[in-house]
Amino acid sequence: MSTEQELQSLFNTLDRDQDGKISIHELFLSPGLSAVISSETNTSSPQDLLAQYDSDEDGSITFEELKQAVEKASNLT
């Protein structure tokens with residue numbers, strides 16, 4: 001389980017270009033952190049995360065989309 005602050009820190013680490021979104025490319029650049037995201041969101045892969053939670057279908061995950069995914073998995077404290 002993560003707090004919102006921990007989730008924001010993880011998001012910022014994954015968002016290498018600091019554009020406010022995590023792309024599929026950025027997820028694959030950090031397999032360890034990607035695994036943490038998968039476990040926190042109960043998804044099996046970065047592709048699965050995007051398929052389920054990329055609500056604006058822009059090919060990336062915003063912090064709000066990630067937060068919703070973690071909340072849905074009941075892993076946000």
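In short, a report on the structure. (Residues numbered from 1 in each chain as written. Predicted model: local features only at pLDDT ≥ 70, side-chain atom pairs only at ≥ 80, totals over all residues. Heavy atoms only, no water.)

### Some details on the environment of Ile-22
Here Ile-22 lies in strand S1 (residues 21-23). A C-alpha to C-alpha distance of 9.8 Å links Ile-22 and Leu-50, two positions 28 residues apart in sequence. Those residues in contact with Ile-22 that sit more than four places away from it in its chain are Phe-11, Leu-14, Asp-15, Leu-27, Ser-60 and Ile-61. (Helix = DSSP H or I, 4+ residues; strand = E, 2+ residues; numbered from the N terminus. Contact = heavy atoms within 4.5 Å.)

### A short note on the pattern of salt bridges
Applying the stated criterion across every chain yields a total of 2 salt bridges. Lys-67 is the salt-bridge partner of Glu-4, the closest N and O atoms lying 3.3 Å from each other. Taken as a pair, Glu-4 in helix H1 (residues 4-14) and Lys-67 in helix H5 (residues 63-72) lie far apart in primary sequence, 63 residues in all. With relative accessibility at 36%, the residue Glu-4 sits in the partly exposed group. Of the residues examined, Lys-67 reaches a relative accessible area of 15% and is grouped as buried. A salt bridge links Asp-58 to Lys-21; the nearest nitrogen and oxygen atoms lie 3.0 Å apart. (Salt bridge = Lys/Arg side-chain N within 4 Å of Asp/Glu carboxyl O. Buried < 20%, exposed > 50% of the residue type's maximum accessible area, 1.4 Å probe, protein only.)

### Side note on H1
Those residues of H1 that sit buried are Leu-7, Leu-10, Phe-11 and Leu-14. For H1, the arc enclosing every buried residue in end-on projection is 100 degrees, short of the 170-degree limit, so these residues lie on one face. Contacts made by the buried residues of H1 are with S1, helix H2 (24-29), helix H3 (31-41), strand S2 (60-62) and H5. (Arc of directions from axis to C-beta.)

### Observations regarding the packing of H1 against H3
One way to put it is that H1 packs onto H3 with a least axis distance of 11 Å and a crossing angle of 140 degrees. Considering the angle they form, H1 stands oblique to H3. Like other packed secondary-structure pairs, H1 and H3 cross with a definite hand, here left-handed. Facing H1, whose interface residues are Leu-10, Thr-13 and Leu-14, H3 presents Leu-33, Val-36 and Ile-37. Of the residues assigned to the contact of H1 with H3, the class counts are 5 nonpolar, 1 polar and no charged. (Axes fitted to C-alpha atoms, helices over the stretch in contact; angles between N-to-C directions. Parallel < 35°, antiparallel > 145°, perpendicular 65-115°, else oblique. Left-handed = near helix turned anticlockwise from the far one by under 90°. Nonpolar A, V, L, I, M, F, W, Y, C, P; charged D, E, K, R; others polar.)

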